[in-house]
Amino acid sequence: MSEVLVLVEAADGALKKATLELLTAARGLGEPSAVVIGAAGTTDALAAALTENGAEKIYAVESDDVVNYSVAPKVEALAQLVSEKSPAAVLIGSTTEGKEIAGRLAVKTGNGLLTDAVDLDGEGVATQSIFAGGVSVKSKVKTGLSIVTLRPNSITVSTQAGAGAREDIAVTVSDNAKKAQIVDRVTESGGSRPELTEAGKIVSGGRGVGSADNFAVIEAFADSIGAAVGASRAAVDSGFYPHQFQVGQTGKTVSPQLYVAAGISGAIQHRAGMQTSKTIVAINKDAEAPIFELSDFGVVGDLFNVVPQATEEVKKH
Ligand code: FAD
């Protein structure tokens, strides 16, 4: 059976859910091989979880060179593995870094690339959301191996243990790949809330929230259901919420199980970032707001009445 490389993403010593989804997708295509790229010791911390979640092989690329520089050394490591192992496909998370790695890898190895897939079948046919989410297409790489980036929260994780056989991979990073050194890391976080692009639930506020202080209403509801907080561009441009939480064409693309839009009209540029969400709930006082066209559930009402009541109800249970 053909081997499928999965680029592992982890945070605080734990696998990100997106990696479990990639392993599930890889299992549908062939035999998943997890590629762990990081500082010495990184692989040990992740090996048990990778094995439990389906990795037949674990390629450990442990080197300070690959962690101290921007994406180029990771691309070189993956390109080396592609050349040595001849996998059928490489699966990478559709994050900002993931897409950059995938694009560079495709150019470097001369293989086809499909980005922003929301599904991938056993024949390697990817479903992609394109033209700002307005159109869904099915695509397949016809020559070479497939390099596919999959949007977090798109695949339902099914756990099937693998053999987890570890192989250490020695990588020599070229001087060319060391041109952009990482000098500092700043975590963009919403405190204890989940990271926006990976969150299973998101509560977003728009211009209708009215002020930065009023976003406390959105945050309280998000916290009651364990959600991340998002915002429309109008809310961000008005200074209600920081830019890193903007959802949409010029913000983050999200695909959670639940997306709650409060005081958001549903402009095409906002939809572009959230319309592949599984269940969409809109709260808007204007019954004609376009957001209701794509909502599974809608509440016509003042968000300052509706959202606190929802928060209280959730807290009772
Ligand atoms: P509005 O359109 O002003 O809607 C506010 C809504 O709140 C209204 O529907 C109103 O009925 C409702 N409301 C008001 N008060 C209440 C209340 N008390 N209770 C309930 N409902 C209430 N937008 C994005 O979001 N993300 C992007 O990435 C993005 N990129 C863009 C890129 C380009 C090139 C351009 C041109 C635009 C982009 N936009 C983006 C902007 C987009 O076109 C809209 O202007 C923006 O999404 C509107 O935000 P909004 O829905 O919060 O505000």
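My aim in this report is to walk through the structure given alongside it, one point at a time. This is a predicted model, so every value here is computed, not measured.

### A closer look at the sheet that holds strand 5 (residues 57-62)
One open sheet accounts for nine strands, arranged 9-8-7-10-6-1-4-5-11; its pairing is mixed. Two strands in the sheet have a free side with no partner beyond their single neighbour: strand 9 (135-139) and strand 11 (165-168). Put simply, the sheet's adjacent strands are angled 35° from each other on average, direction ignored. Two elements, strand 7 (residues 112-120) and strand 10 (residues 146-150), share four bridges in a ladder whose sense is parallel. In the sheet register, Gly112 faces strand 10, and the bridge partner there is Ser146. The strands touched by helix 2 (residues 42-52) within the sheet are strand 4 (31-38), strand 5 and strand 11, with strand 5 carrying the most contacts at an inclination of about 165°. Packed onto the sheet, helix 5 (residues 96-109) meets strand 1 (3-7), strand 6 (89-93), strand 7 and strand 10 and runs at close to 170° relative to strand 10.

### Structural notes on unusual backbone geometry
The phi angle of most residues is negative, glycine excepted, and most peptide bonds adopt the trans form. With phi around 50°, Asp12 is a residue other than glycine that occupies positive phi space. With respect to the helices and strands, Asp12 occurs in the loop between strand 2 (10-11) and strand 3 (14-15). Classification of Asp12 by relative accessible area gives exposed; the value is 84%. With a phi angle near 60°, Asp116 is a residue other than glycine that sits in the positive phi range. When you line up the elements, Asp116 lands in strand 7. The class for Asp116 is buried, based on a relative accessible area of 15%.

### Some points on the layout of surface pockets
By volume, the second largest pocket is sized at about 470 Å³. Lining the second largest pocket are 27 residues, with Arg207, Ser232, Gly263, Ile264 and Ser265 positioned closest to its centre. Every element with two or more residues in the lining of the second largest pocket is listed here: helix 7 (233-237), helix 8 (268-274), strand 15 (279-284) and helix 9 (303-316). Here the lining of the second largest pocket is composed, by residue class, of eight nonpolar, 14 polar and five charged.

Analysis parameters
- Each residue is numbered by its place in its chain's sequence as written, counting from 1.
- Under the rules for a predicted model, residues below a pLDDT of 70 receive no local features and side-chain atom pairs below 80 are neither given nor counted, while totals for whole chains, interfaces and linings still include all residues.
- Hydrogens and water molecules were not included; the side-chain quantities draw on all heavy atoms of the structure.
- The pairing criterion is simple: DSSP has to find at least two bridges between the two strands.
- Helical segments are the DSSP runs of H or I of at least four residues, strand segments are the runs of E of at least two, and each set is numbered from the N terminus.
- Axis definition: a line fitted to C-alpha atoms, over the contacting stretch in the case of helices. Angles run 0 to 180 degrees between N-to-C directions.
- Residues count as neighbours in contact if any of their non-hydrogen atoms are within 4.5 Å of one another.
- Here's how the labels work: a residue is buried when its accessible area is under 20% of the maximum for its type, exposed when over 50%, partly exposed in between, all with a 1.4 Å probe on protein chains only.
- Here a cavity means grid points, on a 1 Å grid over the protein atoms only, where a 1.4 Å probe fits yet cannot get out; a pocket means an open set of points with protein on both sides within 12 Å along at least five of seven lines; lining residues are those with an atom within 4 Å of a point.
- Grid points are joined across faces, edges and corners, and a volume is the space filled by probe spheres set on the points.
- Charged residues are taken to be Asp, Glu, Lys and Arg, nonpolar residues to be Ala, Val, Leu, Ile, Met, Phe, Trp, Tyr, Cys and Pro, and polar residues to be all remaining types, Gly included.

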